[in-house]
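Residue strings, one per chain:
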Amino acid sequence: MKISADNVSVAYGEGPTIVHDMSLNAQPGEVTTFLGPNGCGKSTFLKALSRLLTPTKGSVEIDGQPLHQLSAREAATRVALLPQHPVCPEGLTVGELVERGRHPHRKYWWSAGSASDNETIGKALERTDTAHLARRKVAELSGGQRQRVWMAMVLAQNTPVVLLDEPTTFLDPAHAIEILELARGLAADGKTVITVLHDLMLAGQYSDRLVVMKGGRQIVTGSPTEALTSSVLQEAYGLNAEVWEDPRGNSPVIVPRGTLSQS
């Protein structure tokens, strides 16, 4: 399923507009990544794409159907969100948390899991290398282990659209690459994957398309080579950087040389 946004603006309650006139067409089989400085509206826009926030202007559609007209349960069978700061209820084990990913697919959330549910949960644990943690309390885990467990819950939800808000948080470089390889694998499975990242190099290497934002607005949308240019990095981040072509890849090499304030 593809997910699209048409001139979407978003605010929190009666507060000021955070996201201004954003449009997007994210396709199955692709990874689309949002980049931009802290506070530019990336996470807020992701919440609108997941139905957590209702746009003050514009619309979000999933396969041509207005997302915000769906019930919460219907939306949760189509779009899964890994938020930036997920919160786990006290005392839950890893297995119990991952099982919650199946709740939208049951008539009642307290219904017993089916054989299909158990198979999906098992695959999610295996794919994130967390099966051995299934009986551990989530509170006992390291930050990196918790992040992989939350990823397992998203996989267990098994939706055609997956939104990942800073999924590499708390992860060392090797585990960050594992998570992004997993995101690419989900796209290869035919899912529509949208992420928010801060690491420019990893974003370029693991994304088909980049959307760079500043001040709640879209600066540029394009391939990694189109979006990661010296001029865009200056405009978005105030960053002076050299951008080199990588002869062995499709994403440029970025060498920071300071900020505009240091010039």
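Cut-off values and rules
Per-chain numbering applies: the sequence of each chain, read as written, is numbered from 1 onward. Per-residue local features are limited, in this predicted model, to residues with pLDDT of at least 70; the limit for side-chain atom pairs, both in listing and counting, is 80 or more; totals at the level of whole chains, interfaces and linings are taken over all residues. Note that water and hydrogens are dropped before the side-chain values are worked out from all heavy atoms of the structure. The way it works is that DSSP assigns letters per residue, a run of H or I at least four long becomes a helix, a run of E at least two long becomes a strand, and they are numbered from the N terminus. Atoms counted for the radius of gyration: C-alpha only. Globule rule: 2.2 Å times the number of residues to the power 0.38. Classification of residues uses two cut-offs on accessible area relative to the type maximum, computed with a 1.4 Å probe and protein chains only: under 20% is buried, over 50% is exposed, and between them is partly exposed. In this description, contact between two residues means that some pair of their heavy atoms is separated by no more than 4.5 Å. All accessible-area figures derive from a Shrake-Rupley calculation using a 1.4 Å probe, and residue coverage is judged against the displayed protein chains alone. Two residue types count as positive, namely Lys and Arg, and two as negative, namely Asp and Glu; His and chain ends fall outside the count. Every charge is mapped to an atom, namely NZ of Lys, CZ of Arg, CG of Asp or CD of Glu. We call two strands paired when DSSP finds no fewer than two bridges between them. Between the N-to-C directions of two axes lies an angle of 0 to 180 degrees, each axis being a line fitted to C-alpha atoms and, for a helix, fitted only over the stretch in contact. Here, a salt bridge means any Lys or Arg side-chain nitrogen found within 4 Å of an Asp or Glu carboxyl oxygen. Crossing handedness is defined as follows: a turn of the near helix away from the far one that is anticlockwise and smaller than a right angle gives a left-handed crossing, while the clockwise case is right-handed. As a working rule, the residues Ala, Val, Leu, Ile, Met, Phe, Trp, Tyr, Cys and Pro are called nonpolar, Asp, Glu, Lys and Arg charged, and the rest polar, with Gly in that last group. To estimate the expected span of a helix, subtract one from its residue number and multiply by 1.5 Å.

**Some remarks on the overall build of the protein**
Here's step 1: Helix and strand counts for the protein come out as nine helices and 12 strands.
Here's step 2: On C-alpha atoms alone, the protein measures out to a radius of gyration of 19 Å, which is about the 18 Å that the 2.2 N^0.38 rule sets for 263 residues.
Here's step 3: Principal axes of the C-alpha set define a box for the protein whose edges measure 60 × 40 × 30 Å.
Here's step 4: In the protein, buried positions account for 48% of the 263 residues.
Here's step 5: Once local pairs closer than 6 in sequence are excluded, the contacts in the protein between residues at least 24 apart make up 63%.
Here's step 6: Element-wise, carbon and sulfur atoms account for 49% of the exposed surface of the protein, whose accessible area totals about 12600 Å².
Here's step 7: Here the protein holds 25 positive side-chain charges and 28 negative ones, and the gap between their average locations is 5 Å.

**Focus on the sheet that holds strand β9 (residues 209-214)**
Here's step 1: Spatial strand order, β6-β7-β8-β3-β9-β10: six strands in an open sheet with mixed pairing. With partners counted over all chains shown, the strands left at the sheet margins are β6 (79-82) and β10 (217-222), one partner each. This sheet shows a mean twist of 15 degrees between the axes of neighbouring strands, independent of strand direction.
Here's step 2: Pairing of β6 with strand β7 (residues 161-165) involves four bridges; the strand directions are parallel. Looking across to β7, one finds that L82 is bridged to L164.

**Considerations on the environment of R217**
Here's step 1: Turning to its location among the elements, R217 is positioned in strand β10.
Here's step 2: A relative accessible area of 43% means that R217 is categorised as partly exposed.
Here's step 3: Sequence-wise, R217 and M22 are 195 residues apart; in three dimensions their C-alpha atoms are separated by 6.6 Å.
Here's step 4: Dropping the residues within four chain positions of it, R217 is found in contact with H20, D21, M22 and V212.

**Describing the pattern of salt bridges**
Here's step 1: This structure, assessed with the given rule, holds nine salt bridges.
Here's step 2: Where K57 meets D21, a salt bridge forms, and the shortest distance between an N and an O atom there is 2.5 Å. Placement of K57 in strand β4 (residues 57-62) and of D21 in strand β2 (residues 17-26) is noted, with a sequence separation of 36 residues between them.
Here's step 3: Assessed through its relative accessible area of 43%, K57 is described here as partly exposed.
Here's step 4: Judged by relative accessible area, D21 falls into the partly exposed class, the value being 35%.
Here's step 5: Across the pair R184 and D208 runs a salt bridge whose closest N-O atoms are separated by 3.1 Å. Of this pair, R184 sits in helix α6 (residues 173-188) while D208 sits in the loop between α7 (200-206) and β9, and the two are 24 residues apart along the sequence.

**Some words on the packing of helix α4 (residues 115-127) against helix α5 (residues 143-157)**
Here's step 1: Contact pair α4 / α5: the axes reach a minimum separation of 8 Å and the direction vectors enclose 145 degrees. Crossing angle aside, the handedness with which α4 passes α5 is right-handed. Contacts between α4 and α5 involve T120, I121, A124 and R127 from the first element and A152, L155 and A156 from the second.
Here's step 2: Considered class by class, the residues forming the contact of α4 with α5 number five nonpolar, one polar and one charged.

**Some points on α6**
Here's step 1: For α6, spanning 16 residues, the distance from its first C-alpha to its last is 22 Å, which sits close to the expected 22 Å at 1.5 Å a residue.
Here's step 2: Of all the residues in α6, the buried ones are A176, I179, L180, L182, A183, G185, L186 and A187.
Here's step 3: Residues of α6 that are buried in the fold lie against β3 (31-35), α4, α5, β7, β8 (192-196) and α7.
Here's step 4: Following α6 by one or two positions, G190 has its phi on the positive side, about 100 degrees.

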